[in-house]
Amino acid sequence: MSGAPSAVERAFAAAYGGEPAEARAVRPGAGEDVVVRGLAAYRGEDHWHLVTVGLADPHHAPRDPQAAGGRPGMGQELTLLTPAAPRPPAWAYDLLLGAARTSVAVGRPFHAGARLAPGAPVDGAESALVALGLREDPVVTVPGAAAPLLLQVVGVTLGEYLLMQRVGTATVLGRLAQRDPLLRTDPARG
């Protein structure tokens, strides 16, 4: 975004061989707080990998300081993987920013295995993916004990969300990963 790259930005640059293919600064609307400084999209061979930049900034202290596990800010950055396309999909930025806003609004970081209740389709259109599950990012990790945790946001159907409530988020995401180890959020899947 601007200034010296964060540990997260350096980890993504190392994984993808350089700068993001696309980056967006996030400016708050009237009466909104800044949740993240921006969102970055890195192009993989068969996917886009988006990441929040700034959720782990120190000014985002959770209501319970121990909730971030000794990490700065919310202790996390959120990621999203989508199928390859000429450009990262616009809905992916909105989805990731919405998840970041939810974390800040509730005042605590997410954790692997968390899920977010059904809402509108993830693409803002007709997709059957209407809820989210979270797991540790399978592609990029940030080294260091106090480094932010990277949590991948994964779009799921209502049926998958209900199954997560019964058997656990990790179990359902593990089953879905048998078909797609990256768990790319693809609105056409539902």
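For every chain, the first residue of the written sequence is number 1, and numbering continues from 1 along that sequence. Predicted model: local features are reported for residues with pLDDT of at least 70 only, side-chain atom pairs are reported and counted for 80 or more only, and whole-chain, interface and lining totals are derived from all residues. Hydrogens and waters are ignored; side-chain quantities use all the structure's heavy atoms.

A. Up close: the overall build of the chain. To qualify as a helix, a DSSP run of H or I must reach at least 4 residues; to qualify as a strand, a run of E must reach at least 2; elements of each kind are numbered from the N terminus. A count of helical and extended segments in the chain gives 4 helices and 7 strands. Tracing the chain from N to C terminus, the helices and strands come up as α-β-β-β-β-α-β-β-β-α-α. Burial classes follow relative accessibility: with a 1.4 Å probe on protein chains only, a residue under 20% of its type's maximum area counts as buried, one over 50% as exposed, and anything between as partly exposed. The buried share of the chain, reckoned over its 190 residues, is 48%. Contacts are assigned to residue pairs with any non-hydrogen atoms lying within 4.5 Å of each other. Long-range contacts, defined as pairs at least 24 residues apart, comprise 60% of the intrachain contacts of the chain with a sequence gap of at least 6. For the chain, the exposed area adds up to about 9100 Å²; of that, 53% sits on carbon and sulfur atoms. What sets the accessible areas is the Shrake-Rupley method with a 1.4 Å probe; for residues, cover comes only from the shown protein chains.

B. Focus on the sheet that holds strand β3 (residues 47-53). The strand order across the open sheet formed by 7 strands is β1-β2-β3-β4-β7-β6-β5, and the pairing between neighbours is mixed. Looking along the sheet, the strands with just one partner apiece sit at the ends: β1 (22-25) and β5 (115-116). At least two bridges found by DSSP between two strands is the condition for calling them paired. In terms of strand pairing, strand β6 (residues 129-136) meets strand β7 (residues 149-157) through 7 bridges, oriented antiparallel. Bridging from a neighbouring strand, Glu-136 pairs with Leu-151 of β7. Helix axes are fitted only over the stretch in contact, all axes being lines through C-alpha atoms; the angle between N-to-C directions runs from 0 to 180 degrees. Those strands touched by helix α1 (residues 7-16) are β2 (38-43), β3, β4 (76-83) and β7, and its axis lies near 165° from that of β3. Where helix α2 (residues 90-106) meets the sheet, it contacts β1, β2, β3, β4, β5, β6 and β7, and its direction lies at approximately 155° from that of β4.

C. Representation of the pairing of β4 within the structure. Of all 8 residues in β4, 7 are buried; the element is thus mostly enclosed. As defined by bridge partners, β3 adjoins β4 across 5 bridges and the pair is classed as antiparallel. Each residue of the ladder has a partner; that of His-47, found in β4, is Pro-83. Pairing analysis gives 4 bridges linking β4 to β7, with the strands arranged parallel. Within β7, the position partnered with Thr-79 by the bridge is Gln-152.

D. Just the layout of surface pockets, in detail. Considered as a void within the structure, the largest pocket measures approximately 220 Å³ in volume. Lining the largest pocket we find 18 residues, and of these Leu-95, Ala-120, Val-122, Val-130 and Leu-132 sit closest to its centre. Put simply, the parts of the chain that give the lining of the largest pocket at least two residues each are α2 and β6. Ranked by the residues each element gives to the lining of the largest pocket, the list is headed by α2, at 6 residues. Only Asp, Glu, Lys and Arg are considered charged, only Ala, Val, Leu, Ile, Met, Phe, Trp, Tyr, Cys and Pro nonpolar, and every remaining residue, Gly among them, polar. Its residues placed into classes, the lining of the largest pocket shows 12 nonpolar, 4 polar and 2 charged. Computed over the protein atoms alone on a 1 Å grid, cavities are sets of points where a 1.4 Å probe fits but cannot get out and pockets are open sets with protein on both sides within 12 Å along at least five of seven lines; a residue lines them when it has an atom within 4 Å of a point. Grid points are joined across faces, edges and corners, and a volume is the space filled by probe spheres set on the points.

E. How the structure looks around the nonpolar core. Residues belong to one nonpolar core when they are buried, are Ala, Val, Leu, Ile, Met, Phe, Trp, Tyr or Cys, and are joined through side-chain atoms within 4.5 Å. Formed by 28 residues in total, the largest nonpolar core has its most connected members in Val-36, Leu-78, Leu-134 and Val-153. Excluding residues that lie within four positions of it along the chain, Val-153 makes contacts with Leu-78, Thr-79, Leu-80, Leu-96, Ala-99, Leu-132, Gly-133, Leu-134 and Thr-185. Membership of the second largest hydrophobic core comes to 12 residues, among which are Val-8, Ala-11, Ala-147 and Leu-150.

F. Quick peek at the pattern of salt bridges. Within this document, salt bridges are pairs made up of a side-chain nitrogen of Lys or Arg and a carboxyl oxygen of Asp or Glu, the two lying within 4 Å of each other. All chains considered together, the criterion is met by 5 salt bridges. In this structure, the salt-bridge partner of Arg-87 is Glu-22, at a minimum N-O distance of 2.6 Å. With Arg-87 in the loop between β4 and α2 and Glu-22 in strand β1, this pair connects stretches of sequence that are 65 residues apart. You can call Arg-87 exposed: its relative accessible area is 54%. Take Glu-22: its relative accessible area is 13%, and that puts it in the buried class. In this structure, the salt-bridge partner of Arg-184 is Asp-46, at a minimum N-O distance of 3.0 Å. Of this pair, Arg-184 sits in the segment after α4 (169-179) while Asp-46 sits in the loop between β2 and β3, placing them 138 residues apart in sequence. By relative accessible area, Arg-184 is classed as partly exposed at 22%. By sharing partners, the salt bridges in this structure join Glu-22, Arg-24 and Arg-87 into a single network.

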